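If you want the building blocks of each chain, they are given just below.
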Amino acid sequence: MAEVVSRNERAAIEPRAEDQDLWVFGYGSLMWRPGFDYIERQPALLHGYHRALCILSYDHRGTREIPGLVLGLDRGGACRGVAFRVAAKNRAETHAYLVAREQTSMVYEERMHPLKLGDGRRVIGLAYTANRNHEQYSGVMTREEQLAHVRRGVGRSGANPDYVLNTHAHLVEIGVHDALLDWLAKELRAN
């Protein structure tokens, strides 16, 4: 079961926004395009969720008429990604930026989770998990169905294939093997 920080624990960890640095967990485009200033970047592991192409994109990588498909943290397993430490003085600004970027349709749930950093430290970090009750949650799709969505999706942040290829390249760079993204990248490059 996913380890989520309770409201009381969160209040204890985050008494005031300006008092503490903020850790942000990236598992998709945040890894290669965070869009905010940070003072440290570390490989990180989050337990209880896995990276999945499970969000229909009506905005960034598709439209309502022709949805793209983007990553979400879905329940179960574990996910390797990148954690960014944001200085306390930039915490509120960074959080506002992330809400504007990630919460355009509220398809993600904003939560604080324990993270294990590559250097062995354990921190609490902000992560955006898939809301399974949202209309944009795709549920289980075959990899061929996922490929079809990715191939045709284009939104305000660009073409869906670019998103998948960039994410795949950055996972390879940090030594993460993702069988689905490996297959999708190979198929996208072939055609």
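Analysis parameters
- Residues numbered from 1 in each chain as written.
- Predicted model: local features only at pLDDT ≥ 70, side-chain atom pairs only at ≥ 80, totals over all residues.
- Heavy atoms only, no water.
- Helix = DSSP H or I, 4+ residues; strand = E, 2+ residues; numbered from the N terminus.
- Rg over C-alpha atoms; globule rule 2.2 N^0.38 Å.
- Buried < 20%, exposed > 50% of the residue type's maximum accessible area, 1.4 Å probe, protein only.
- Areas by Shrake-Rupley, 256 points an atom, 1.4 Å probe, with all protein chains shown as cover.
- Pairing = 2+ DSSP bridges.
- Salt bridge = Lys/Arg side-chain N within 4 Å of Asp/Glu carboxyl O.
- Contact = heavy atoms within 4.5 Å.
- Axes fitted to C-alpha atoms, helices over the stretch in contact; angles between N-to-C directions.
- Parallel < 35°, antiparallel > 145°, perpendicular 65-115°, else oblique.
- Left-handed = near helix turned anticlockwise from the far one by under 90°.
- Nonpolar A, V, L, I, M, F, W, Y, C, P; charged D, E, K, R; others polar.
- Phe/Tyr/Trp six-rings, centres within 6.5 Å; stacked < 30°, edge-to-face > 60°.
- pLDDT = per-residue confidence, 0-100.

1. Some points on the overall build of the protein chain
Item 1. Across its full length, the protein chain carries six helices and seven strands.
Item 2. Tracing the protein chain from N to C terminus, the helices and strands come up as α-β-α-β-β-α-β-β-α-β-β-α-α.
Item 3. A compact globule built from 191 residues should have a C-alpha radius of gyration of about 16 Å, and the protein chain, at 16 Å, falls within 12% of that.
Item 4. Of all 191 residues assigned to the protein chain, the portion counted as buried reaches 49%.
Item 5. Split by element, the accessible area of the protein chain, about 9600 Å² in all, is 50% carbon and sulfur.

2. Observations regarding the pairing of strand β4 (residues 108–117)
Item 1. Pairing between strand β2 (residues 40–57) and β4: two bridges, direction antiparallel. If you follow L45 over to β4, its bridge partner there is K116.
Item 2. Strand direction decides the pairing type here: β4 and strand β5 (residues 122–130), joined by nine bridges, are antiparallel. Each bridged residue has a counterpart across the sheet, and for L115 the counterpart in β5 is V123.

3. Side note on the pattern of salt bridges
Item 1. Taken as a whole and assessed by the stated rule, the structure comprises eleven salt bridges.
Item 2. The salt bridge partner of D21 is R85, with a shortest N-O separation of 2.6 Å. You can see D21 sitting in the loop between α1 (7–13) and β1 (22–26) and its partner R85 sitting in strand β3 (residues 68–86), a full 64 residues away along the chain.
Item 3. Measuring nitrogen to oxygen at the nearest pair gives 2.8 Å for the salt bridge that ties R85 to E40. Placement of R85 in strand β3 and of E40 in strand β2 is noted, with a sequence separation of 45 residues between them.

4. Examining the environment of L171
Item 1. By the secondary structure assignment, L171 is in helix α5 (residues 160–173).
Item 2. A sequence separation of 139 residues divides L171 from W32, and the C-alpha atoms of the two residues are 9.5 Å apart.
Item 3. If we ignore the near neighbours within four places in the chain, the residues touching L171 are M31, R51, R80, V176, D178 and L181.

5. Description of the pairing of β5
Item 1. Most of β5 is tucked away, with seven of its nine residues classed as buried.
Item 2. Linking β4 to β5, which pair antiparallel, is a turn of four residues; within it G120 sits at a positive phi near 95 degrees.

6. Digging into the packing of helix α4 (residues 143–152) against helix α6 (residues 179–190)
A pair of packed helices is captured by two measures, namely the crossing angle of their axes and the spacing between those axes.
Item 1. Taken N-terminus to C-terminus, the directions of α4 and α6 make an angle of 50 degrees; their axes are 11 Å apart at the nearest point. Of the possible angle classes, the one that applies to α4 and α6 is oblique. With respect to the hand of their crossing, α4 and α6 are arranged in right-handed fashion. Contact residues: R143, E144, Q146, L147, V150 and R151 in α4; L180, W183, L184, E187 and L188 in α6.
Item 2. Residue composition of the contact of α4 with α6, grouped by class: six nonpolar, one polar and four charged.

7. Observations regarding the packing of aromatic side chains
Item 1. For the structure on display, the rule yields six aromatic pairs.
Item 2. Relative to F84, the ring of F36 lies with its centre 5.6 Å away and its plane at 85 degrees, an arrangement referred to as edge-to-face. On the criterion of sequence distance, the pair formed by F36 in the loop between α2 (29–32) and β2 and F84 in strand β3 is long-range, its members being 48 residues apart. You'll find F36 and F84 in the same group, each marked buried.
Item 3. Here a set of aromatic residues connected by ring pairs shows up, and it is made of F36, Y38, F84 and Y97.

8. Some details on unusual backbone geometry
Item 1. Even without being a glycine, M106 presents a positive backbone phi close to 65 degrees.
Item 2. Along the chain, the position of M106 falls in the loop between α3 (91–102) and β4.

9. A look at the confidence of the model for the protein chain
Interpretation of the predicted coordinates at a detailed level should be avoided for regions scoring low in pLDDT.
Item 1. In this model, the protein chain carries a mean pLDDT of 91, and residues with pLDDT of at least 70 account for 91%.
Item 2. Averaged pLDDT values for the elements of the protein chain fall to 42 in α1 and rise to 98 in β1.
Item 3. Low pLDDT, under 50, characterises residues 5–15; the stretch is placed with 15 contacts to residues that sit more than four places away or in other chains.

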